[in-house]
Structures are given as C-alpha cells and as structure tokens.
Amino acid sequence: MNKSNGEGYPNKPVQLIIAFTAGGSSDVQARIVEKYWKKYFNDQPLAFEYKPGAGGQVGFTEIARAVPDGYTIGGVNVPHILLQSLSPQATFCKDDFVHIAQVVNDPQLIVVNPNNPIRTLDDFIAEAKKKEGRMTVGIVGTFTAHHMALLKLQDILGVKFNAVPFQGSADQNVALLGGHIDAIIGNLNDIMRYTEQFRMLAIASENRHQWLPDVPTFQELGYSFTSDIRRGFSVPANTDPAIVQRLREGFQQICNDPEYLNEMEKIGQPAAYLSGEDFTKYCDRYYEEAKQLIDKYELNKKN
Amino acid sequence: MGMDVFQPLLQGFATALTPQNLCFGFIGCVLGTLVGVLPGIGPTSAIAMLLPLTLILDPTPAIIMLSGIYYGAMYGGSTTAILVNIPGEISSAPTALDGYAMAKKGRAGPALAISAISSFVAGTLSLVGLTFFAPTLAQLALHFGPPEYFALMLLALSVVINLSGKSLIKGLISAVAGFFVAMVGMDPITGIARFTFGSVELMSGIDFVSVIIGLFAIAEVLSTWEAQVTPVIRTKLTGLMPTKEDLRETFPAMLRSTVIGFFLGLLPGCSPGVTAFIAYDTEKRFSRVPETFGQGQIAGVAAAEGANNATTSGGFVPLLSFGIPSGPALAVLLGGFMMYGLQPGPTLFEKNAPFVWALIASMYIGNVMLIILNLPLIGLWARLVKVPYPLLAPIILISSFIGAYSVRNKMMDVWLAIAFGLIGWLMRKLEIPSVPLILTTILAGMLETSIKQTLSMGDMGIYLLFTRPISLTICILALLLTISSLYGRYKKISLPGDDEEFSSESIEYPEVFEKKSPVLVKPRRYLHAPKAVYLVREHDRSRNVAKCGSLRMRQAGEQVQR
Amino acid sequence: MFAANIGVSLGLLVLSGAVVVTAQQLPRTLPGIAMGPGVLPLWAGLLMSLLAVSLLIQNIFFRSPSLKRRVFEPKELAAVGKMFFAISAYAAGIEYLGFGMATCIIVVYLSRYLGQYAWWRCLLFGLIMAGVSVGVFRYFLDLPLPTGWFGL
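Residues numbered from 1 in each chain as written. Chains lettered and ligands numbered in written order. Predicted model: local features only at pLDDT ≥ 70, side-chain atom pairs only at ≥ 80, totals over all residues. Heavy atoms only, no water.

- Chain C has the name Tripartite tricarboxylate transporter TctB family protein in an unreviewed UniProt entry, where Heliobacterium chlorum is given as its organism.

## Here's the deal with the overall build of chain C
Part 1 of the argument: On a plain count of helices and strands, chain C comes out with 5 helices and 0 strands.
Part 2 of the argument: If you list the helices and strands of chain C from N to C, you get α-α-α-α-α.
Part 3 of the argument: A burial count over chain C gives 45% of its 152 residues as buried.
Part 4 of the argument: Contacts in chain C between residues at least 24 apart in sequence constitute 54% of all its contacts with a sequence separation of at least 6. (Helix = DSSP H or I, 4+ residues; strand = E, 2+ residues; numbered from the N terminus. Buried < 20%, exposed > 50% of the residue type's maximum accessible area, 1.4 Å probe, protein only. Contact = heavy atoms within 4.5 Å.)

## Let's talk about the overall build of chain A
Part 1 of the argument: Looking only at helices and strands, chain A features 10 helices and 10 strands.
Part 2 of the argument: Burial status across chain A gives 64% buried among its 303 residues.
Part 3 of the argument: Sequence-distant contacts, at least 24 apart, represent 78% of the contacts inside chain A between residues at least 6 apart.
Part 4 of the argument: Of the roughly 11,600 Å² of accessible surface on chain A, a fraction of 46% belongs to carbon and sulfur atoms. (Areas by Shrake-Rupley, 256 points an atom, 1.4 Å probe, with all protein chains shown as cover.)

## Points about the packing of aromatic side chains
Part 1 of the argument: Under the criterion given, the structure shown has 25 aromatic pairs over all chains.
Part 2 of the argument: Relative to Phe225 of chain A, the ring of Phe218 of chain A has its centre 4.9 Å away and its plane inclined at 85°; by these criteria the two rings are edge-to-face. Just as Phe218 of chain A is buried, Phe225 of chain A falls in that class too.
Part 3 of the argument: With 6.3 Å between their ring centres and 50° between their planes, Phe132 of chain B and Phe133 of chain B make a pair best called tilted.
Part 4 of the argument: Of the aromatic side chains, those joined through ring pairs into one cluster are Phe20, Phe60, Phe92 and Phe97 of chain A.
Part 5 of the argument: The positively charged end of Arg230 of chain A is found above the aromatic ring belonging to Tyr282 of chain A, 3.6 Å away from the centroid. (Phe/Tyr/Trp six-rings, centres within 6.5 Å; stacked < 30°, edge-to-face > 60°. Lys NZ or Arg CZ within 6 Å of the ring centre and 35° of its normal.)

## Re the packing of helix α4 (residues 59–84) of chain B against helix α15 (residues 328–339) of chain B
All names here are of chain B.
Part 1 of the argument: Between α4 and α15, the shortest axis-to-axis distance is 10 Å and the interhelical angle comes to 180°. The angle between α4 and α15 falls in the class roughly antiparallel. For the pair α4 and α15, the contacting residues are Ile63, Leu66, Ser67 and Tyr70 in the first and Ala329, Leu330, Leu333, Gly336 and Phe337 in the second.
Part 2 of the argument: Looking at the contact of α4 with α15 residue by residue, the classes come out as 7 nonpolar, 2 polar and no charged. (Axes fitted to C-alpha atoms, helices over the stretch in contact; angles between N-to-C directions. Parallel < 35°, antiparallel > 145°, perpendicular 65-115°, else oblique. Nonpolar A, V, L, I, M, F, W, Y, C, P; charged D, E, K, R; others polar.)

## With respect to the interface of chain B and chain A
Part 1 of the argument: Listed by partner, the interface residues are 46 residues for chain B and 44 residues for chain A.
Part 2 of the argument: Roughly 3,700 Å² of surface becomes buried between chain B and chain A when both sides are summed, with 61% attributable to carbon and sulfur atoms.
Part 3 of the argument: Interface area lost by chain B to chain A is led by Leu142, Val200 and Met339 of chain B, which between them contribute 15%.
Part 4 of the argument: The interface formed by chain B and chain A holds 1 salt bridge in total.
Part 5 of the argument: The interface formed by chain B and chain A includes 7 residue pairs in polar contact (both at pLDDT 80 or more).
Part 6 of the argument: Elements that contribute at least two residues to the side of chain B that touches chain A include exactly α7 (146–157), α10 (200–203), α15, α16 (346–351) and α20 (435–457) of chain B.
Part 7 of the argument: It is α15 of chain B that provides the largest number of residues to the side of chain B that touches chain A, a total of 6 residues.
Part 8 of the argument: Along the lines of polarity and charge, the residues of the side of chain B that touches chain A split into 27 nonpolar, 14 polar and 5 charged. (Buried area = accessible area lost by both parts, 1.4 Å probe. Salt bridge = Lys/Arg side-chain N within 4 Å of Asp/Glu carboxyl O. Polar contact = N/O pair within 3.5 Å; in protein donor to acceptor, adjacent residues only side chain to side chain.)

## Some points on the interface of chain B and chain C
Part 1 of the argument: Each partner contributes to the interface: chain B provides 58 residues, whereas chain C provides 66 residues.
Part 2 of the argument: When the two sides are added together, the surface that chain B and chain C hide from each other amounts to roughly 5,600 Å², 85% of it contributed by carbon and sulfur.
Part 3 of the argument: At the boundary of chain B and chain C, one finds 1 salt bridge.
Part 4 of the argument: In this structure, Lys429 of chain B and Glu76 of chain C form a salt bridge, with 2.9 Å as the shortest nitrogen-oxygen distance.
Part 5 of the argument: Of all the secondary-structure elements, those providing two or more residues to the side of chain B that touches chain C are α9 (168–183), β2 (193–194), α11 (208–227), α18 (389–405), α19 (411–429) and α20 of chain B.

## Digging into the UniProt feature "transmembrane region" (unreviewed entry) in chain C
Residue and element names in this part refer to chain C.
Part 1 of the argument: Summarizing the sequence annotation, UniProt attributes the feature "transmembrane region" (unreviewed entry) to residues 39–62, 83–111 and 117–141 in the numbering used throughout.
Part 2 of the argument: Note that residues 39–62 is 96% helix and 0% strand, and that its end C-alpha atoms are spaced 34 Å apart.
Part 3 of the argument: Across residues 83–111 one finds 93% helix and 0% strand; the C-alpha atoms that close the span lie 13 Å apart. (UniProt positions renumbered as here; feature names shortened; annotations may be inferred.)

## Points about the nonpolar core
Part 1 of the argument: Ranked by size, the top nonpolar core spans 258 residues in total, and within it Ile73 and Phe251 of chain A together with Phe316, Phe337 and Phe401 of chain B carry the most contacts.
Part 2 of the argument: Looking at which element gives the most residues to this core, the answer is helix α6 (residues 108–141) of chain B, with 15 residues.
Part 3 of the argument: Phe401 of chain B has contacts with Ile218, Val414 and Ile418 of chain B together with Ile87, Tyr90, Ala91 and Ile94 of chain C, leaving out every residue within four places of it along the chain.
Part 4 of the argument: Of all hydrophobic cores here, the second largest spans 26 residues; its members include Ala64, Leu83, Tyr286 and Leu293 of chain A. (Core = buried A, V, L, I, M, F, W, Y, C linked by side-chain atoms within 4.5 Å.)

This is the structure we're talking about:
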C-alpha cells in the first residue's frame, strides 16, 4: 500500500484498538481524540475496536501483532505494557510497539480516610512504623503500576506495608471510604471524584498538580519518588517510518488544540503531551527500573 | 430527609416528561427489552454499542436512554427464559426454573405477566428507596468491607443445596465445576494466568455469556435435535393473564424479593444474577409448598424477576452517590457520565441536581412504559412458542452466536459456547443440574477476591470473618440456612414415596398437593405408562382431586387440555 | 444410568487430578500477597475428587433400582453428533465464509432438515434471516462480524 512515504496517509478509515472496555477511562480519552482526529487526518474516520481482557494484555497483544501498515493503531497504557512484557506469561515485548505520542500522565497519590488522625506524610510514616508492617494499603492488582509504586515506596520511606490488592480503583475507593483499609495508592483521575471525602497526603509527580494545588509532592517532602500511569498511542513495530512521522505530527497538533485540552479537563484526565521519541525514552527508563525491582522482590519466582 | 426531595423530584419529572427525553427514554426501554429477549446480547454490550451516541446527544436524554436499556433488559430477560428455557440474561436463570415449567403446562401467559408485574412492582418500590434514602443507604453499604463480602458469598453459596435437584452430590459436582470454569484465565488479583493452555484469549477468562448461552441455548438446540420433536409446548394456552389467586399468592413474594434485591443491590459487586438466585431461594423457604418450586411455582418467577429489577435500582445508589458501578453494565454507563464530565459522587447531587432528578424521574416513567409495553406483548410472545421449531432453532442459534461473539468480538467465545453446549447436553442426560454451575461461576471471582483481601487485611489469618459484627452475623445466617436446607433434604428423602419414584423422566407430574397439608398424592399405576403426559386442572387446588385428562402419546405431538 | 454415573465419577476424578497437579505448579504465595493463585484450584480440585469418590461409592454400594434406565441411545447419539457438527461447521463457516453467507447456509440447512419445507421456502427464509441479521448487527449496531473470503 503506502509503502513509499506518508503522502496521502490515511486514505481509508483507521482502526483504533482499545484494550479496555467501552466506557472505560482509556475509551473516554480516545473518544475525545476521535473528535479531533478527522480534522488533522484527511477527514478519515477512526473506527474503534474493543479488545478488553486480562488487564489490557489481550488488546495490547492484538496491537503488537497487527499488520504494520499504519491502518491499525492502538491505545497503550504505561507501565501496563512494560510490566506485562516482563511477566513470565508475556505475549509481546516492549519493542513490539512504536510509540506515537503520550497523551495523559495520571500521577499517583497516597490517600487516607479523613477520620484517620494521619494528616501529613510524616504522620503516615510514623504510623506505619508503629504498626510494624500491619498498616493496610490498598492497591490495584499485583504486577501493576500500583504494586510497583508500593514496593518503591517501601524502599524510599523505609517502612513496610501490608498490601491489600483490589480488582479495580472503584473497589479500592469504596474500601477506603468505609474505613476498611488504612490508605490507598490511587490515581489522580480516580481520586478527583472524592476530593472531599479523602485526605491526600502527597502526590508522586515532579510538580504540584494544578487540580490539587494544596497537595505537596514527594519531592518537596524530601523523598525522590514519582509514579504515574500514562496513556499513549502506538503502532506495531515495522510500520513505515514516514507514516509514523505523519502520525506523530498529527497527534502533536491534536494534543495542542485548546479545545481538546478543554475537553480533557472536563473528563477529569490530566492531559500531558509527550512526543513519541520522548515517550519511548521514558518507557525504556521505566522498563529498566521495574526489572530491577522485580528481581529484587523475586516477583517472577515460581513458588 | 424526606420533604426536601419532592421539589427537585417534581422538577425532575418536568424535565423527564419533555417530548425529547420521553422519546429517548422510550427508545431505551424498547432497546432494553429487545436485548433482554435476545440471549447473549446483554445490556452491557448494548450500552457500549450506543455509547458513541453520547457525542451527539445532550447528557440528559442520552443517560436516560442508556439507563433505560439497563433496567429494560431485566424485563426482557425473562421472556425467553419462560418460553424456551433460555434465559436472555444471567439474572433470569432462576426465572427459567419455574417459568419454563409453567409454560410447559400451558401457563406461559400468566408466567410472563407475573414476571412483568413483579418487575414493575419491585422496580418502582426500590426507586422509592433510591429517591428518598440514597445518601443514607450509600453510607450503609460502606460498612461492607472484604470480610463482609466473603461472608455474603458464603451465604450465596448455601443456595446451591436448594438448587441441587434430585442428587445432592450431583448438585455439588455442578457447583465445583463452576469454580473450575471461573478459574480459567487470570487470577482476579495477581493476574497470573491459570488453565489457559497458553492461549492469550483464554487469559481474560471464560465469559458468563458463553457459559449461559452454551448451557441453555445451544444445549437446548442439541437436545431437541435428539428428540426430533418440537420442544416448544403444544399445550393450549390457558389464559394470558394471571388469576386473582396468582396475584394474591405472588404479592408477598414480590415484596420480599424487592427488599432482598434492593438491599443487596446497594453492595457493589452484587449483580442482579446473584440477588435473583438468593431471592428465589428465600421464597422457597418462605413457601408452604417448597416442593412445588422448580415445577411451575409462580411465586418462584415473581421472586426472581422482582429481585433482579430491584437490584438494578439499588445499583444506582452507589453509582450516583459515589461513582461506584456495581456491575459491568453500570461501569459502561459510568463511562457515559464521564464523557459528559459528570463526575458521579456526592457533589453530583449538588452540582448537577436537575440532571440527577430527571434521571430518577425518568426511571419511574420508564418502569410504567415497560409494563405498558410488556403486558400487551405477552400475547405476541406467547404465540412465539407456536413458531415452528425448524424456524425457531436457527433464530436461537444466530442470536446465541452473535451474543457470544459480541463479548470480545472474537470467535473464541463462540467456540467456547459450543463446547458448553455439549457439556450442557451431557449434564442434562446425566441428570446433573446446570444451575449451580452458573451460580458458582458468577460467585467465584468475588469469593476468591474477598478471601484474599480478608487474609491480607488480617495478616494471613481468617479471624476477621468472625470478629466483625456484620460478617459474623452473615456467617451464622449462612450456617443456619445450610443446616436447614440439609435437614429439609433429609426429611424429604425419608418421606415415603420419595423422589425416586417420580423420576421416570418422560412423565411430567404437575403438582397435586393440597395446599394446607402437603401430602403427596401417590402416582397411580397408569402413570407409569411410558411417554405419557397426564394433565390436571391446575387452578382447582381446593378440591384436591386430580382431574386426569385423556392420555396421549407425546409422539402424537398434541395434547388435549382436559 | 448406573454405568453413566460410574463414568462421570471416573472422568471427574481424572479432571480433578489434573487440576490439582496444575495447581501445584502455581505459586501459593506471592511477596506481600497472602493467597497466591494456586490455592483455590487446589481446594476446588480436592473437593471435586472427593465428590467424584462419593458418587462412585453411592453407585456401587447403594444402588437404586431406578438407575437401570439407559442414558444414551445410539440413534440419539448419532443425531446429536450430527447437530453438533452442523453447529461447529456454522462457527467455522463464519470465520471463513463470512457471517452473512454462513448464516444463510445454516438457516437453509436447518429449516430443510428439521422442517422439510420446500427448497425455495428454505432458501427464502435463509436469505431473509441472513439479510436481517447482517443489517441489524453489522450495519445498525456496528458489530465487526467476520467477513471471510468473500467479504459477506
């Protein structure tokens, strides 16, 4: 097809694989991108295809194995794809994807129930030390961004937690609301709904977030700790570089469209554009870090 | 609490009654009924398919329509369960138990009518609960942590004993097989793949939709090919509407199932499927004639259908109050909220009050629409059983396949459904009940998750289950229920003229019980005539006399009513 | 029924054995997580084998006279086998011939075989069913149904 160059691409509808269910955060975000897609890509429609399952692995595998002609792109989540490629049941590796752009950076926070006397991160650390590893911290699944964040946090803060894994952020939030667990590691996007019910102790991003200007970063409090979930778009490896270039340019335009940014704020997802090259660099860095962490805690050990 | 609700609710009605909103509400209800009727295609996929419409529509009509699909599906799900023994939704699986038995006796009409009426009563009553007590109730639901869910799952599992049919061992085998099915795929917490045989598709597990389509729809198609006769009842329909007596009998069942469905529905994770089973079991315990359950007891239909509708309204409480979806369909609906930037949660009631109240009002209106829509349809649906089977079979097959396919847009799920069809057929032949399997398949994930969380919270110990008042209470209740059902079984077996005598499969026995003293009328000799069906005037319980109609061979394909 | 029950229990015994063996290979604990993925399969497998043994014992030692009935008639098996084959062929057909064409074929086949209507009626019915389902599901509801070799 368009082997030679990116000229004229796209000349037919482009398929977009979403690795989560319709109506999920990834889908909602991609729907916003869809609104502006036609404007920057020759007026061709974007056809959604949902391949949910296995924490995104089914869909990501589908993206990695798609025909690399540029007419199948996929929404990817980091660190999901990186951690899944590191697991013993991996069905793709991290180099199976060529990243087009990062669109969302959803930082993680430490959150407690306000009925709890804990007010600051220092209180939290003191309490955790007092409880000698019995402080319950809710995370989402294992071998996930939340799990990695918890393990990293244990090292950085020098305490031990009792991890209580949940199936999703909704369950995790309910358990915290009901006071069944002491704290959670949650994402900004999921927490925004409960800012009045929860007490946010610290945010794991480099700078304070504009939506939560009163919540200090870990950096400010003296701990070098960042953790987040990022959403981006990718094509399978071996896609024509010219097409990749065309896609990267188009996404850059979409992501800087003021109307697009407005809508992203409305849906409560922290938009943060990164070019494909920078996103790839970030992924490589995270991959190395996670590999060390997994080896250290022997997460891949059988039995 | 209370009075200050009326003002916004009235405004909500004013909004919901505008032609545009009314129209979209109606479309939602019709679509809901339709996807409910079609086996396999559930409200979840229907809402997901229509979600892109939210890009065009205003928030209020769009969410009204999508919600209509959700509760409308609960009305439709019972239709095929009653008529052809294929539940349109998982939540209608218990409806099939008695509904289909009623249909076989020519009482499809009353069964359909009662399920619509029960849905309406339960749906509306629980909406009242949603209207007046949403914030309070949401707080109540928060008291349920992982140990409480664990206890609740144990309670739900105790239902298996009552669903086991003739042999307890076979019932339990079916239940454990449900766990086997649920274990395929990733462990719900650690994400480690189990029993996937290296397949990526199987990593996301076996979807309930394939299981239920296989065990019911495809197994049904296989079994009827075997018999080479029409499965659909040739009995004359005896009246389309329920009698006064039916209504009187089922009314308490509707109320009980409303309470059960609504309160369990407040808990995230308790899907309509779970609550319908629990309500069905409860009704059996309350009944003076528990033996008649499974043989066409109208109260069983009312209980199951009431509970699943009450659960749908109950589910809106955590959704609107905390933004917590209690099931996959509501999760997709939550996505719809997000598309509009409507952040559900306590602030929703303050910031977007007109929208919330219009939605709640639209649900009252929707329930009225649904019952107006469904009651006249009964005649039409009941006539569906007259469609010649050679034409009906392909329709069942096509909608089953599409339903299974739409789970993940993969043929894998269709193949799984076919495999379960074969398993379901074998189970029927071997007299292993399939209902416990479905129940445990629904429960397994939540059970495993809650055990793990309880253990994690209690530092590897299970003691939390017994040290927290709510979970301890539920545990004791579960234990009592288990003992009472086991005792009930023991008593039934030691009764003279036990089940075995009734098990000659080809004969269908109607109930010939005197209501006040449940003494079985022993079958007489002529009843052992092979392949014969004997009929009894059903409404005539007072006389305790079985009016035996003429005996006809089943192969003749026609039965004479009285 | 007696022989069938014995067969069921033996089959389940093998199945549960396989489940237990597989469960042994799964981790039973993970760092920081109390219960690994191997625990539930282990218990479910053991429970199933216990049930299988009980069924076996019940059938050998407490034989009930009503169990003499035969479960599988050869004729029945042949008919069910044929139907199962037809259903599987339909599923395979969807992948290779496309949903529309496979649907048309299966409808024609089933209505002809089960109902013995005239050929033209079966054909008409098949075309109508295929048309309606493709229209509704592929075009109206936008379901990406397989198109197969001919794009139908």
